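Survey of secondary and tertiary structure
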Amino acid sequence: PVSAMIHIPKAQEVLDRDGNIAAVVNTFIDTATSDDDTKEKQQQQQQHNVERWEKYCGRCFSQLEWWAEATRKHREVVDPFDESPVFVKTPDQRNAP
């Protein structure tokens, strides 16, 4: 099963409108440094943030991909509808005897 979950607190700050990691850096940067130093630190921090989110989300997506592939392979061997046919009657068909 896919046990990993993705939690994104303050998603509006983490993701941009297209669902990409936002370019906002929520870390303190010393204002006494030059603009070039500040920009470089921001770029490094942004890259670090992207890498952390990719690693974090990648765990869930890897499990999901594994599960999907396993399901596809199993379906080639066993038809799931043989053991659990589609309901064709009223909803009370689901009720226990």
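Here, the structure is the one placed above.
Summary of the structure given here.

Criteria and thresholds
- Every residue gets a number counted from 1 within its own chain, in the order that chain's sequence is written.
- For this predicted model, a pLDDT threshold of at least 70 governs which residues receive local features, and a threshold of 80 or more governs which side-chain atom pairs are given and counted, while totals over whole chains, interfaces and linings are taken from all residues.
- Side-chain numbers come from the whole structure's heavy atoms, not from hydrogens or water.
- Starting at the N terminus, helices and strands are each numbered in turn, a helix being any DSSP run of H or I of at least four residues and a strand any DSSP run of E of at least two.
- Think of it in three bands: with a 1.4 Å probe and only protein chains considered, a residue is buried below 20% of the maximum accessible area for its type, exposed above 50%, and partly exposed in between.
- The contact criterion used is simple: two residues touch if any of their non-hydrogen atoms lie within 4.5 Å.
- Surface exposure here means Shrake-Rupley accessible area, sampled with a 1.4 Å probe, where a residue is shielded only by the protein chains that are shown.
- In this analysis, a patch consists of residues with relative accessible area above 30% that form no salt bridge, clustered at 9 Å for like charges and at 5 Å for the nonpolar side chains Val, Leu, Ile, Met, Phe, Trp and Tyr.
- By salt bridge we mean one thing: a side-chain nitrogen of Lys or Arg within 4 Å of a carboxyl oxygen of Asp or Glu.
- Side-chain rings of Phe, Tyr and Trp, where Trp is taken by its six-membered ring, are said to pair if the distance between their centres is within 6.5 Å; with planes under 30 degrees apart they count as stacked, over 60 as edge-to-face, and otherwise as tilted.
- For the purposes of these results, a polar contact is taken to be a pair of N or O atoms within 3.5 Å, where, inside protein, one atom must be able to donate a hydrogen and its partner to accept one; residues adjacent in sequence count only when each atom of the pair is a side-chain atom.
- Asp and Glu are treated as the negative residues and Lys and Arg as the positive ones, with His and the ends of the chain left uncounted.
- Positions of charges follow a simple convention, taking NZ of Lys, CZ of Arg, CG of Asp or CD of Glu.

1. Some remarks on the overall build of the chain
Each helix and strand counted, the chain has three helices and zero strands in total. Of the regular secondary structure in the chain, the N- to C-terminal order runs α-α-α. Within the chain, buried positions represent 11% of all 97 residues. For the chain, long-range pairs separated by at least 24 residues make up 50% of all intrachain contacts whose partners lie at least 6 apart in sequence. Carbon and sulfur atoms form 54% of the exposed surface of the chain, whose accessible area is close to 8,700 Å².

2. Digging into a nonpolar patch on the surface
The grouping of Val 2, Phe 61, Leu 64, Trp 66 and Trp 67 at the surface amounts to a nonpolar patch, some 530 Å² of accessible area in total. Mapped onto the secondary structure, Trp 67 falls in helix α2 (residues 35-77).

3. Structural notes on the environment of Leu 15
Turning to its location among the elements, Leu 15 is positioned in the loop between α1 (11-14) and α2. Judged by its relative accessible area of 26%, Leu 15 falls in the partly exposed class. Leu 15 has contacts with Ile 8, Asn 20, Ile 21 and Ala 22, leaving out every residue within four places of it along the chain.

4. Some thoughts on the packing of aromatic side chains
Any two aromatic rings considered together are summarised by their centre-to-centre distance and by the angle between their planes. In the structure shown here, the tally under the stated rule is two aromatic pairs. Both rings, one in Trp 53 and one in Tyr 56, keep their centres 5.5 Å apart while their planes meet at 80°; by these two values the pair is edge-to-face. Taken as a pair, Trp 53 and Tyr 56 lie in helix α2 at a separation of three residues, close to a single helical turn. We classify Tyr 56 as partly exposed; its relative accessible area is 33%. Arranged with centres 6.3 Å apart and planes meeting at 45°, the rings of Trp 66 and Trp 67 form a pair that is tilted. Classification of Trp 66 as exposed rests on a relative accessible area of 56%. Residue classification places Trp 67 among the partly exposed residues on the basis of a relative accessible area of 40%.

5. Things to note about the environment of Tyr 56
Separated by 51 residues in sequence, Tyr 56 and Met 5 place their C-alpha atoms 9.3 Å apart. Only 2.9 Å separates the side chain of Tyr 56 from the backbone nitrogen of His 7, close enough to count as a polar contact.

6. Quick look at a negative patch on the surface
On the surface, Asp 35, Asp 36, Asp 37 and Glu 40 cluster together to form a negatively charged patch. Within the element layout of this structure, Asp 36 appears in helix α2.

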